[in-house]
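# Structural description and commentary
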Amino acid sequence: QVQLAESGGGLVQAGGSLRLSCAASGRTFSSYVMGWFRQAPGKEREFVAGISRSGGSTVHADSVKGRFTISRDTAKRTVYLQMNSLKPGDTAVYYCAASALSTGPATNNKMYAYWGQGTQVTVSS
């Protein structure tokens, strides 16, 4: 089992940047595929980015491709989401998630059994 804690959210102007962090407890961090999802008010939770266990493979949603980058640091048991060129449409609660089922980056939230509490990102125009 793994516990996840996100940080790094906040208020930023359009065009700005933020880096989200997700710290994982436990010794088996490298056993999990990790992902970032987001949920805006009144909308369903959507996939943002995923990264394989080794970090060698990543997937990003089309809506963030070229602006967001997911990465992981096994030694620090932390996964990151670097967000550049932020837009008001990126405003949402961002969640970190861990999957023990997937063999590669997973885009389906049903593949992820462990979730953080979320961190709010607000982008003003």
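Anyway, here's the lowdown on the structure attached to this text. (Residues numbered from 1 in each chain as written. Predicted model: local features only at pLDDT ≥ 70, side-chain atom pairs only at ≥ 80, totals over all residues. Heavy atoms only, no water.)

Counted according to the given criterion, the structure contains five aromatic pairs. Each ring, one from Tyr32 and one from Tyr114, has its centre 5.9 Å from the other, and the planes form 90°; the classification is edge-to-face. Taken together, the residues span a long stretch of sequence, with Tyr32 in the loop between β3 (18–24) and β4 (33–39) and Tyr114 in strand β10 (residues 114–115) at a distance of 82 residues. The class for Tyr114 is partly exposed, based on a relative accessible area of 23%. (Phe/Tyr/Trp six-rings, centres within 6.5 Å; stacked < 30°, edge-to-face > 60°. Helix = DSSP H or I, 4+ residues; strand = E, 2+ residues; numbered from the N terminus. Buried < 20%, exposed > 50% of the residue type's maximum accessible area, 1.4 Å probe, protein only.)

Summarising the element assignment, Arg38 is placed in strand β4. Here the side chain of Arg38 touches Asp90 through a polar contact of 2.9 Å, side chain to side chain. Here Arg38 is in contact with Glu44, Arg45, Glu46, Val48, Ser63, Val64, Phe68, Gly89, Asp90, Ala92, Val93 and Tyr94, once residues within four sequence places are set aside. (Polar contact = N/O pair within 3.5 Å; in protein donor to acceptor, adjacent residues only side chain to side chain. Contact = heavy atoms within 4.5 Å.)

With that out of the way, let us pick up the sheet that holds strand β7 (residues 68–73). With antiparallel pairing, four strands are arranged side by side in an open sheet as β1-β3-β8-β7. The open sheet has two edge strands with one neighbour each: β1 (4–7) and β7. In this sheet, adjacent strand axes meet at a mean angle of 15° when their direction is disregarded. Pairing analysis gives four bridges linking β1 to β3, with the strands arranged antiparallel. What sits directly across from Glu6, in β3, is Cys22. (Pairing = 2+ DSSP bridges. Axes fitted to C-alpha atoms, helices over the stretch in contact; angles between N-to-C directions.)

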